[in-house]
Amino acid sequence: MNGTGDDAASMPAPPLDPELRAGLAIVGGVFPPTVTPELVPFMRRSYASMPYDQIVGDRPIIRTDHTLNGWQGAEIEASVLRPRGEGRARPVILFLHSGGLMFGDRFSGIDLAVEWITRFDCALVTVEYRLAPEHRHPVPFEDCYAALAWLHAAAAELGFDADRIVVAGASAGAGLAAGVALAARDRGGPHLSGLLLDYPMLDDRGTAHSLTQFDGIGVWDRISNETGWTALLGDARGTDGVSPYAAPARAEDLSGLPPTFIDVGSVEVFRDEATEFATRLWRDGNDAELHVWAGGFHAFDIFAPHTRLARGMIRARNDWLERILSD
Amino acid sequence: MQELLGRLRALDPGAVISLRVIACFDELIVGGVNSQALLSAAASLTGCVVGFSIDSPARAMRVSPQGEQLAGDALVPSDVRLKWSDGALSVWLEREGDPHANDALIIERLSLALRVRYDRSGSADPRRDLGLMVDADVDEDRRFEAAARQGLSQSTRYRFVVAPLFATWRTHPAAREDVISTSSGPLHTLIVQQTTTTVEAEPVGIGQAAFVSDFPRAFRTAVVALRLTQLPDTPVVLADDYGGLLDVLAELPAGYEPADVPAVASIAGHPWGPVTLDALVRTASVREAARVAGIHHSTMTTRVQLVTETLGFEPLDGVGRLRLGLAYLLWRLHRSSTLTLPAPVDGNARTS
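In every chain, residue numbers begin from 1 and rise along the written sequence. Here chains are named by letter from A upward and ligands by number from 1 upward, in the order in which they appear as written. Reporting in this predicted model follows two pLDDT cut-offs: at least 70 for local features of residues, and 80 or more for side-chain atom pairs to be given and counted; totals over whole chains, interfaces and linings ignore these cut-offs and use all residues. Excluding hydrogens and water, the side-chain figures rest on all heavy atoms present in the structure.

Undergrad: Sorry, what's going on with the overall build of chain B here?
TA: Only DSSP runs of H or I reaching four residues or more are called helices, and only runs of E reaching two or more are called strands; each is numbered from the N terminus. Counting secondary structure elements, chain B contains 13 helices and eleven strands. The dimensions of chain B, computed from C-alpha atoms along their principal axes, are 80 × 40 × 35 Å. Note on definitions: a residue-residue contact is assigned when non-hydrogen atoms from the two residues lie within 4.5 Å. Here the analysis covers contacts within chain B between residues at least 6 apart in sequence; of these, 63% occur between residues at least 24 apart. Within the structure as shown, chain B displays about 15,400 Å² of accessible surface, and the carbon and sulfur contribution to it stands at 51%. Across chain B, 33 positive and 41 negative side-chain charges occur, with their mean positions spaced 2 Å apart. Only the protein chains shown count as cover for residues, and all accessible areas are computed by the Shrake-Rupley method using a 1.4 Å probe. The convention is simple: Lys and Arg are positive, Asp and Glu are negative, and His and the chain ends are not counted. By convention, the charge on Lys lies at NZ, on Arg at CZ, on Asp at CG and on Glu at CD.

The following block contains the structure:
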């Protein structure tokens, strides 16, 4: 691909689950495995969320839109989704969307998170953090942290239980979520009840073995990952100067993080980053739960939620959230 | 996935979505997934509840677009376009209103997959005519019958054109086409006249011209040609350009590790390796190779010494030149990721 002559493409890889392999015949036309910078305009069209009404359907959910101050005071949008009807102060989940740091919007890949609102009687805050490469680190991360500070400050007004905040994200959004949790710890920010990391994008250094195993397979390969990190960090990618808030795998001390849930597929580039991060969470004395789904490609629950493997993944994730959120 | 089909259509109005649906079910059949998984895929693709029933062993199942089994009575539609039955096995979509564009195809593929799963009759061979014609294990009579059904003449030569599902097509030739499952994944396959020696698509392999009796080999030459493509420099490979070499490549058994290839792989592991090997194979002298590779003559001389040491033979003399050329092609075949890599999107239509 890039002429370096490495044998990455010929590394034996674990097999894909057959249902997911079939799903890729459809998915591949919308989300190709290899995303190069030239493909970003295409991805922004193909990964744009579908109309909000289709996402929510006939669920009894109220949406309010808010403008808040992101990094350096710039105005960014956020939406609060909550169940219809008055009630007690509700737990709240800050949702950080997927899209490789370069595409997607605050409703991309949100279908499964919308389920949580009625299932757990909670609120969901989803934020339009600014995207790379137009906005490099720390803009996306600080936008997300500002959203956390905002929802904490506005908790009483919006009916949130400020003692029960979960930060959740998928893929690039999960990397941002982990960065936000580290910053909340370091800056004495809001107390978090939980951190939900779906197949997180954590490390710009790209040294994990799993990064070399899946060239051209699934929906996010080594080249895509390099494209995403370069968009966020520019020439700093892979150098010593990268902040752990941008690439949480670089944090030397993970102690004091909230209970954390991590899931990942065995057939994806983030497999080793995710399992390593879980191991380090345990090492540093945290409550962490890790699920590796055999034969799963990146974000298979978003693209093929009907499959046996995705249903298992969704069940395990919801079960953990229920333990964290339910009275 | 219904949503994804809609997205595909919006991104590329010319997309041949049916080929993707066919490939999806081919993979499910090859993967040996169970009934619920088959129904889940159909339900997810159509966005409505899908059911099936079978008389022996007696069972019935309804599955939602989320893949969950549903209790309750089946709402079998009255519209005959939304169901299929052979008397013993029935399949239906619980759709209100008229069928959608791909419903008929999805019902057909689902019923076939279920028949294969329950091994109900010899008629449930999941392979279609193109797949039968290129399989050397299928006896010749069946291959000829399949060719006759496709209106192919036994006294005319044809070529196979193969491409991954992710290929980009600038123009789509009118031809018999289908998806054929191979060990490397589903391949979009077309049969064209022997005079067709290029196609406006990338990446794509065009096989040698052959009579129906020789289709299995002809198809293999097309697959090898596809694996020799390299984007963006070599988007189309015509088997004829490699002549008898391609015959050799097409006949090698899977998993065979030929001599000299590990040495070539080792050379290719250097940053300068691939471009040097490519230049040496394409040219007649060190000086010319240096020019093609865009480096100084003395640099190429040094590299040739390193190449010679690694190979253990002279790469530019007589039989040594043949050995290097063949090993280089085999190495390219071995590391080819053409079948799984998508073509870069440049705003043009991606079909199939």
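Undergrad: Sorry if this is basic, but what is going on with the pattern of salt bridges here?
TA: Between side chains of opposite charge, pairing is possible as soon as their charged atoms come close. The working definition used for a salt bridge is a side-chain nitrogen of Lys or Arg within 4 Å of a carboxyl oxygen of Asp or Glu. Counting across every chain of the model gives 38 salt bridges over all chains. Of the charged contacts, one joins A:Arg164 and A:Asp161 as a salt bridge, the two residues approaching to 3.0 Å between their closest N and O atoms. Taken individually, A:Arg164 and A:Asp161 each receive the classification buried, so the pair is uniform in this respect. B:Asp278 is the partner of B:Arg282 in a salt bridge, and the nearest nitrogen-oxygen pair spans 2.7 Å. Remark: B:Asp278 and B:Arg282 occur in helix H10 (residues 273-282); sequence separation between them is four residues, near one turn of the helix. With a 1.4 Å probe rolled over the protein chains alone, any residue whose accessible area is under 20% of its type maximum counts as buried; one over 50% counts as exposed, and the rest are partly exposed.

Undergrad: When you look at the sheet that holds strand S1 (residues 61-69) of chain A in this model, what are you seeing that I'm missing?
TA: One key point about sheets: their strands pair by backbone hydrogen bonds, in either a parallel or an antiparallel sense. All names here are of chain A. In this scheme, strands are said to pair when DSSP sees at least two bridges between them. With respect to topology, eight strands assemble into an open sheet ordered S1-S2-S4-S3-S5-S6-S7-S8, the strand pairing being mixed. The open sheet has two edge strands with one neighbour each: S1 and strand S8 (288-293). Each strand axis lies, on average, 20° off the axis of its neighbour in the sheet, ignoring direction. Sheet analysis places strand S7 (residues 260-265) next to S8, joined by six bridges and oriented parallel. If you follow Val 264 over to S8, its bridge partner there is Val 292. Running over the sheet, helix H7 (residues 172-186) touches strand S3 (90-96), strand S5 (160-170) and strand S6 (194-198) and is turned about 140° from S5. The strands touched by helix H9 (residues 271-283) are S6, S7 and S8; relative to S7, the strand with the most contacts, the crossing angle is about 155°. Only the contacting stretch of a helix is used when fitting its axis, a line to C-alpha atoms as for every element, and angles between N-to-C directions run 0 to 180 degrees.

Undergrad: Explain the packing of aromatic side chains here, please?
TA: In this description, a pair of aromatic rings is defined by centroid distance and the angle of the planes. Note on ring pairs: Phe, Tyr and Trp rings are taken, using the six-membered ring of Trp, and paired if centres are within 6.5 Å. Classes follow the plane angle, with under 30 degrees stacked, over 60 edge-to-face and the rest tilted. This structure, assessed with the given rule, holds 15 aromatic pairs over all chains. Ring centres of A:Tyr47 and A:Phe103 lie 6.1 Å apart, and the angle between their planes is 80°; this geometry places the pair in the edge-to-face category. Of this pair, A:Tyr47 sits in the loop between helix H2 (40-46) and helix H3 (52-56) while A:Phe103 sits in the loop between S3 and helix H4 (111-119), and the two are 56 residues apart along the sequence. You'll find A:Tyr47 and A:Phe103 in the same group, each marked buried. With a centroid separation of 6.0 Å and an interplanar angle of 40°, the aromatic rings of B:Phe52 and B:Tyr118 are classed as tilted. Residue B:Phe52 is found in strand S1 (residues 50-54), and its partner B:Tyr118 is found in helix H4 (residues 103-118); the two are separated by 66 residues along the sequence.

Undergrad: Got a minute to help me understand the side chain of A:Asp204 in this structure?
TA: Residue and element names in this part refer to chain A. Structurally, Asp 204 is set in the loop between S6 and helix H8 (222-233). Nitrogen and oxygen atoms within 3.5 Å of one another constitute a polar contact, given that in protein one can donate a hydrogen and the other can accept it, and given that sequence-neighbouring residues count only through two side-chain atoms. Polar side-chain contacts of Asp 204 include one of 2.7 Å to the backbone nitrogen of Gly 238. A polar contact of 2.6 Å, which involves the side chain of Asp 204, links it to the side chain of Arg 250. Other than its neighbours up to four places away in sequence, Asp 204 contacts Trp 229, Leu 233, Arg 237, Gly 238, Thr 239, Val 242, Ala 247 and Arg 250.

Undergrad: How should the interface of chain B and chain A be read in this particular structure?
TA: In many analyses, interface size is given as the accessible surface area lost on bringing the parts together. Facing the 41 residues of chain B at the interface are 36 residues of chain A. When two components associate, each loses some accessible surface as probed by a 1.4 Å sphere; the sum of these losses over both components is called the buried area. Counting the surface lost from both chain B and chain A, the interface buries some 3,100 Å², and carbon and sulfur atoms represent 64% of this. On the chain B side of the interface with chain A, the three residues burying the most area are B:Leu4, B:Arg7 and B:Leu11, jointly 19% of the side's total. Inspection of the chain B/chain A interface yields one salt bridge. The closest approach of N and O atoms between B:Glu27 and A:Arg21, which form a salt bridge, is 2.9 Å. Counting only elements with at least two residues in the side of chain B that touches chain A, the list comes to helix H1 (2-11), helix H2 (17-31), helix H3 (35-46) and helix H13 (318-335) of chain B.

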